[in-house]
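Given next are the chains, with one letter for each unit.
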Amino acid sequence: MTCSKAPGKIVLFGEHFVVKGAPAIGFAVSKYAKVCVEDGSLNIISKQTGRVEQDSLLYRAVKRLITKVNSIFECSEDVKILIDSEIPIGSGMGSSAALSVALAHAYLTHCNVDFDKKLVNEIAYEAEKEVHSKPSGIDNTLATFGGFLKYRSGVFEKLEVRLGEEVYFLVVNTNLRRQTGKIVEEVLKLYEKYPEILENVYNAASALVEKALKSLEERDYESIGRLMLLNHGLLWTIGVSHEVNDLIVHKLVAKGCLGAKLSGAGKGGIVIGLVKESLVDKIEGELRNEGFEVFRVTPDYEGVRNV
Ligand code: PMV
């Protein structure tokens, strides 16, 4: 049996604005999807949800991935696939991409062929196309290579950013599921209606990302936190926040986080907070006692690997 794991991701700055050409920053996080492959008749079993049905999106995505690999190498398609993921589904943390990347890596290893991460990324992107009709490719790129990425108009740039162990990101899951495509459309409509106003908001978002790049490089955590709040404000302005997102942002800041914002498409999904190591236990414990689903993450700098 061969097993690989790949990290989920978080959008740190610039979501939505990126859709109209502004830059954004994302990073891979220490929550993983693990996939194991062994000989057997094609069967997909998830530890979380049980046997994967043949008419499901996931099954089709796995088939597409296997077919793609077999268009390059000859490899048995009779494989049993076991999935074990700790990444929340449908919350904007790249669960499907992490799974595709881990599967591509585990299957290529199982096939005993020569491959590199670039190929893993390309093959996983094929499966992502089955799940999200027009994926930007950021999620699978982060799951493959790890670390921080700047992306703009489909171009990815790996950032040499390394945060110290003195900070954590807290992730609070609102458990409000939403459809990214629908929210993106609403934002584009708002832009069409008020272009002269929205243009300024988008320019502010671009400037914010440029400033954030500098703050990340310098590990200026106070500034990163402040920029997260500014970013949340801009996302509120374009209508993608939700009262639950706002409530959690306020709670995180009141409890001592350096900054907080919704992350990803918004209208639910997840909220992230940046917190100093000395406060992380306290804030995480308090939120859990208040009934929130909360966990801490640190950046993953390695990307997909065998386990
Ligand atoms: O929540 P997610 O991972 O689906 O994030 C979507 C990010 C957007 O900027 C809203 C859309 C996109 O395609 O970039």
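Basis of the calculations
- Residues numbered from 1 in each chain as written.
- Predicted model: local features only at pLDDT ≥ 70, side-chain atom pairs only at ≥ 80, totals over all residues.
- Heavy atoms only, no water.
- Near = heavy atom within 4 Å.
- Polar contact = N/O pair within 3.5 Å; in protein donor to acceptor, adjacent residues only side chain to side chain.
- Areas by Shrake-Rupley, 256 points an atom, 1.4 Å probe, with all protein chains shown as cover.
- Nonpolar A, V, L, I, M, F, W, Y, C, P; charged D, E, K, R; others polar.
- Core = buried A, V, L, I, M, F, W, Y, C linked by side-chain atoms within 4.5 Å.
- Buried < 20%, exposed > 50% of the residue type's maximum accessible area, 1.4 Å probe, protein only.
- Domains from an automatic or database assignment.
- Contact = heavy atoms within 4.5 Å.
- Phe/Tyr/Trp six-rings, centres within 6.5 Å; stacked < 30°, edge-to-face > 60°.
- Helix = DSSP H or I, 4+ residues; strand = E, 2+ residues; numbered from the N terminus.
- Lys NZ or Arg CZ within 6 Å of the ring centre and 35° of its normal.
- Buried area = accessible area lost by both parts, 1.4 Å probe.
- Salt bridge = Lys/Arg side-chain N within 4 Å of Asp/Glu carboxyl O.
- Expected span 1.5 Å × (residues − 1).

1. Structural notes on the site of the ligand
Consideration 1: All residues adjacent to the ligand are K9, E15, H16, V18, V19, G92, R178, T180, V184, G264 and A265.
Consideration 2: Contact distances for the ligand include 2.9 Å between an oxygen atom and a backbone N or O atom of H16.
Consideration 3: In the environment of the ligand, an oxygen atom lies 2.8 Å from a nitrogen or oxygen atom belonging to the side chain of T180.
Consideration 4: For the ligand, the protein covers 81% of the area, taking 380 Å² as the surface of the free molecule.
Consideration 5: Grouping the constituent residues of the shell around the ligand by class yields four nonpolar, four polar and three charged.

2. Quick notes on the nonpolar core
Consideration 1: The biggest cluster of nonpolar side chains holds 79 residues, and the ones touching the most others in it are F13 and I81.
Consideration 2: Residue assignment places this core across two domains, with domain 1 (2-161) and domain 2 (167-297) each supplying three or more.
Consideration 3: For F13, the contacting residues outside a window of four places in its chain are A24, I25, L208, V209, A212, I224, L227, M228, N231 and K261.
Consideration 4: In terms of nonpolar packing, the next biggest core, distinct from the first, is built from 15 residues, I248, V271, V275 and F292 among them.

3. Brief notes about the packing of aromatic side chains
Consideration 1: Counting across every chain of the model gives six aromatic pairs.
Consideration 2: Note on F148 and Y301: the rings are 6.4 Å apart at their centroids and 35 degrees apart in plane angle, and the pair reads as tilted. Of this pair, F148 sits in strand 6 (residues 148-152) while Y301 is found in the loop between strand 11 (293-297) and strand 12 (305-306), placing the two residues 153 residues apart along the sequence.
Consideration 3: Judged by relative accessible area, F148 falls into the buried class, the value being 0%.
Consideration 4: Judged by relative accessible area, which is 22%, Y301 ranks as partly exposed.
Consideration 5: Between Y191 and Y202, the ring centres sit 5.0 Å apart and the planes meet at 90 degrees, which makes this aromatic pair edge-to-face. One end of the pair, Y191, is in helix 5 (residues 180-193); the other, Y202, is in helix 6 (residues 195-217), with eleven residues separating them in the sequence.
Consideration 6: An aromatic cluster of three or more residues is present, and its members are F27, F148, F169 and Y301.
Consideration 7: Lying across the ring of Y301, R162 places its NZ or CZ 4.1 Å from the centre.
Consideration 8: Lying over the aromatic face of Y168, R296 brings its terminal NZ or CZ to 5.3 Å of the ring centre.

4. Quick look at the domain arrangement of the protein
Consideration 1: Partitioning the protein into domains gives domain 1 (2-161) and domain 2 (167-297).
Consideration 2: Averaged C-alpha coordinates put domain 1 and domain 2 at centres separated by 24 Å.
Consideration 3: Residue-level contacts link 29 residues of domain 1 with 38 residues of domain 2.
Consideration 4: Looking only at domain 1, the three residues that lose the most surface to domain 2 are F13, H16 and F17, adding up to 28% of its buried area.
Consideration 5: Inspection of the domain 1/domain 2 interface yields two salt bridges.
Consideration 6: With its nearest N and O atoms 2.8 Å apart, the salt bridge here joins E15 to K261.
Consideration 7: For the pair domain 1 and domain 2, the interface holds nine residue pairs in polar contact (both at pLDDT 80 or more).
Consideration 8: Elements represented by at least two residues in the side of domain 1 that touches domain 2 include exactly strand 1 (2-13), strand 2 (24-39) and strand 6.
Consideration 9: A total of six residues in the side of domain 1 that touches domain 2 trace back to one element, the largest contributor, which is strand 2.

5. Considerations on helix 3 (residues 117-131)
Consideration 1: Helix length check: helix 3, at 15 residues, gives a terminal C-alpha distance of 21 Å against a target of 21 Å (1.5 Å per residue), a fit within 8%.
Consideration 2: Within the sequence span of helix 3, burial applies to L119, V120, N121, I123, A124, E126, A127 and E128.
Consideration 3: In the core, the buried residues of helix 3 are packed alongside helix 1 (57-70), helix 2 (95-110) and helix 4 (138-145).

6. Concerning the side chain of K9
Consideration 1: With respect to the helices and strands, the residue K9 is situated in strand 1.
Consideration 2: From its side chain, K9 meets the backbone oxygen of G92 in a polar contact 3.1 Å long.
Consideration 3: Leaving out residues up to four positions away in the same chain, K9 has contacts with F27, A28, V29, G92, M93, G94, D139 and L142.

7. Looking at the pattern of salt bridges
Pairing is possible between side chains that carry opposite charge, provided their charged atoms lie close to one another.
Consideration 1: In this structure the tally under the stated criterion is 23 salt bridges.
Consideration 2: Among the salt bridges present, the one from K9 reaches D139, with a minimum N-O distance of 3.1 Å. Taken together, the residues span a long stretch of sequence, with K9 in strand 1 and D139 in helix 4 at a distance of 130 residues. Assigned by exposure class, K9 and D139 land together as buried.
Consideration 3: The salt bridge involving K129 is made with E126; its shortest N-O contact spans 3.4 Å. In this pair, K129 and E126 both sit in helix 3, three residues apart, roughly one turn of the helix.
Consideration 4: You can call K129 partly exposed: its relative accessible area is 30%.
Consideration 5: Look at the salt bridges and you will find they share partners, linking R60, R64, E126, K129 and E130 into a network.

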